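Working through the structure, step by step
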Amino acid sequence: MKLAVVGGGSTYTPELIDGFARLRDELPLTEIALVDPDRSRLELVAGLSRRMLARVGHGAKVVATTSVQEGVEGAQAVLFQLRVGGQAARNVDETLPTQCGCVGQETTGAGGLAKALRTVPVVLELAEKVRRHAPEAWIVDFTNPVGIVTRALLDAGHRAIGLCNVAIGFQRRFAGHLGVEPSRVSLGHVGLNHLTWERSVAVDGVDVLPQLLAEHGRAIADDIGLPLELVTRLGVVPSYYLRYFYAHDLVVEEQRAKPSRAAEVAAMEAELLKLYADPAVDTKPALLEKRGGAFYSEAAVALIASLLGDRGDTQVVNVRNAGTLPFLPDEAVIEVPAVVGSGGAAPLPVPAVEPLYAGLIANVSAYESLALEAAVHGGADRVRNALLAHPLIGQEAVAGELTRLLLEANRAHLPWVVSA
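What comes next is a walk through the structure. (Residues numbered from 1 in each chain as written. Predicted model: local features only at pLDDT ≥ 70, side-chain atom pairs only at ≥ 80, totals over all residues. Heavy atoms only, no water.)

Focus on the overall build of the protein
Looking only at helices and strands, one finds 16 helices and 13 strands in the protein. A compact globule built from 420 residues should have a C-alpha radius of gyration of about 22 Å, and the protein, at 21 Å, falls within 12% of that. For the protein, the spread of C-alpha atoms along the principal axes amounts to about 55 × 55 × 40 Å. Summed over all atoms, the accessible surface of the protein reaches about 16400 Å², with 53% contributed by carbon and sulfur. Looking at charge distribution, the protein has the averaged site of its 38 positive side-chain charges lying 4 Å from that of its 48 negative ones. (Helix = DSSP H or I, 4+ residues; strand = E, 2+ residues; numbered from the N terminus. Rg over C-alpha atoms; globule rule 2.2 N^0.38 Å. Areas by Shrake-Rupley, 256 points an atom, 1.4 Å probe, with all protein chains shown as cover. Lys, Arg positive; Asp, Glu negative; His and termini not counted. Charge placed at Lys NZ, Arg CZ, Asp CG, Glu CD.)

Quick look at the structure:
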C-alpha cells in the first residue's frame, strides 16, 4: 500500500511517521512518498523518517521527491499538508490584521482568508495531478483552512475528505479526565472547521458531559482559554478557536503585546531541522510536541484505514453538509461525526443546533462561500465582500483597508492582484 504526503518536507512529517510506525497493523504501508519542492528540508525529513521506521523494523520504503507525478503515481491515498508561503506568509497573516484592530490568526478571520487565497489555487493544481496519476486515490486534506480547502476540492469533483485534530484532541483529553480508554469516548461535535462545540461527551453511549464539566471544568476552561463561568453557563465545550470570537478584543491586545506564533514556530522549526539532520536521531523529538498537531498521525491513520479498508466506523471529518444542518446549503462543508468507508464519509444525523451556535455557524459558512469565490476567481471586490461578511470584521472601512493590505502583502502569490 502506497501513501503520498504532499508537503512531506514539513517538520510535522515525523509525527505522521511515528503514527505509521506505531499503528502499522491498522495501515500496512509498503511505500511512503514524501513530496516537497524544498529539496534540502525534504532530505532531512526523509532521512529521519527512514531511521524511525528502521528502528522499529517497519519495512516501508520512504521515497523523497520534488516531482508530484512521481510521488502520487500508484498511491492509494494522498495526504495534503502544505503551507504556501511558509512561516513568513503566516507571520503576515498573524500580524497584519491586528493593525486594523482584528484578530491575527492563520485560519480565522482576515489571516485565514489570506491563507485561503494563497492556498486554494495551489491545492487545486496539485489535486488535478492526483486525478491524472492516481485517479482512484483518496485525498485527505490537513491543509488549512481545512473547511474552505475541502470545499474547493469537492466542488472540483475530487475524492477528498478534510481532517482536523481538534476532535481527537478533545477525545483524548476528556478520556484522560474521565480515566477511560479513548475508544470508549464519542463526541457530539458540531460546526465548521475551527468553529465547533462539543455538545455531548458519551462514554459507552452515555452522555457524561455535565459530570465532566462539574469535576474538570476548570482544567477544560484553562485548556481552551475561556472563562469557567462561560463554559459552565453554556454547558458545552467550545473549541479553543472560539476564543477568537468570544474574547476577540482581549486576544487582539495579547497578540499586539507578544511575538507571533509564526515567529515562535519558525525558531522551533530551525531547531527541529538541526535535530533531523543528526544521524543518531531515530525517534520523534520531544520538541515536536510543541510544534502543534497533537494526535494528527492517529487521526490520519484511522481515516485512511477506514477509507481503504471499508471499516464503516465513526470519525469526525469535514464533509458536505447534504442536509445535515438544515440552516446551511447542502454544498457547504461541515465538521461532524460521520461513518467512513470505501465510498467516503456520510455525516450522521445531528440534533437541532441551538440558535446561539447556529447563527455563528451560518454566518461563518456564508463567509467561507465568499472566501472560496475570491480564492478561485480572484478580484479585490470578492476579497472585500468576504471580509465584510466575516463576523470578526464586518465593517466596511476595516474590510476595505484589510483588502488593500492583504493583497499588497500577498502579491507574490496572487498573480491576479496586478489587475485587481
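Side note on the pattern of salt bridges
Within the structure shown, the criterion is met by 28 salt bridges. A salt bridge links aspartate 18 to arginine 22; its shortest N-O distance comes to 2.9 Å. Separated by four residues within a single helix, aspartate 18 and arginine 22 lie in helix H1 (residues 13-22), roughly one turn from each other. A relative accessible area of 43% means that arginine 22 is categorised as partly exposed. Each of Glu15, Asp18, Arg22, Arg172, Lys284 and Glu298 takes part in salt bridges that share partners, so that together they form one network. (Salt bridge = Lys/Arg side-chain N within 4 Å of Asp/Glu carboxyl O. Buried < 20%, exposed > 50% of the residue type's maximum accessible area, 1.4 Å probe, protein only.)

Description of the packing of aromatic side chains
With the rule as written, the count across this model stands at eight aromatic pairs. The interplanar angle of 15° and the centroid separation of 3.8 Å between the aromatic rings of phenylalanine 142 and tyrosine 296 together place this pair among those described as stacked. Taken together, the residues span a long stretch of sequence, with phenylalanine 142 in the loop between strand S5 (138-141) and helix H6 (146-155) and tyrosine 296 in helix H13 (residues 296-309) at a distance of 154 residues. We classify tyrosine 296 as buried; its relative accessible area is 0%. (Phe/Tyr/Trp six-rings, centres within 6.5 Å; stacked < 30°, edge-to-face > 60°.)

Some thoughts on the environment of tyrosine 244
With respect to the element layout, tyrosine 244 can be found in helix H10 (residues 243-246). Relative accessible area serves as the criterion here: at 18%, tyrosine 244 is assigned to the buried category. In this structure the C-alpha to C-alpha distance between tyrosine 244 and isoleucine 393, which are 149 residues apart in sequence, comes to 12 Å. In contact with tyrosine 244, not counting residues within four places along its chain, are Val103, Gln105, Thr108, Val251, Gln255 and Leu392. (Contact = heavy atoms within 4.5 Å.)

A short note on helix H11 (residues 248-256)
Buried within H11 we find His248, Val251, Val252 and Gln255. Buried positions in H11, seen along its axis, are confined to an arc of 100° and lie on one side of it. Of the exposed residues in H11, those oriented more than 90 degrees away from the buried face are Asp249 and Glu253. (Arc of directions from axis to C-beta.)

Here we look at unusual backbone geometry
Of the consecutive residues asparagine 144 and proline 145, the connecting peptide bond is found in the cis state with omega at -10°. Examined against the element boundaries, proline 145 turns out to sit in the loop between S5 and H6. A positive phi angle is found at aspartate 204, which is not glycine, with a value near 55°. Locating aspartate 204 in the fold gives a position in the loop between strand S8 (195-203) and strand S9 (206-207). The phi dihedral of aspartate 310 falls on the positive side, at around 50°, and the residue is not glycine.

Regarding the nonpolar core
One finds Phe20, Ile32, Val78, Phe80, Leu153, Leu195 and Leu387 to be the most contacted residues of the largest nonpolar core, which totals 148 residues. Counting residues per element, this core draws most heavily on helix H5 (residues 109-133), at eleven residues. Setting aside residues up to four positions removed in sequence, phenylalanine 80 forms contacts with Val6, Val123, Leu126, Ala127, Val130, Ile139, Val140, Asp141, Phe142, Thr143 and Leu153. (Core = buried A, V, L, I, M, F, W, Y, C linked by side-chain atoms within 4.5 Å.)

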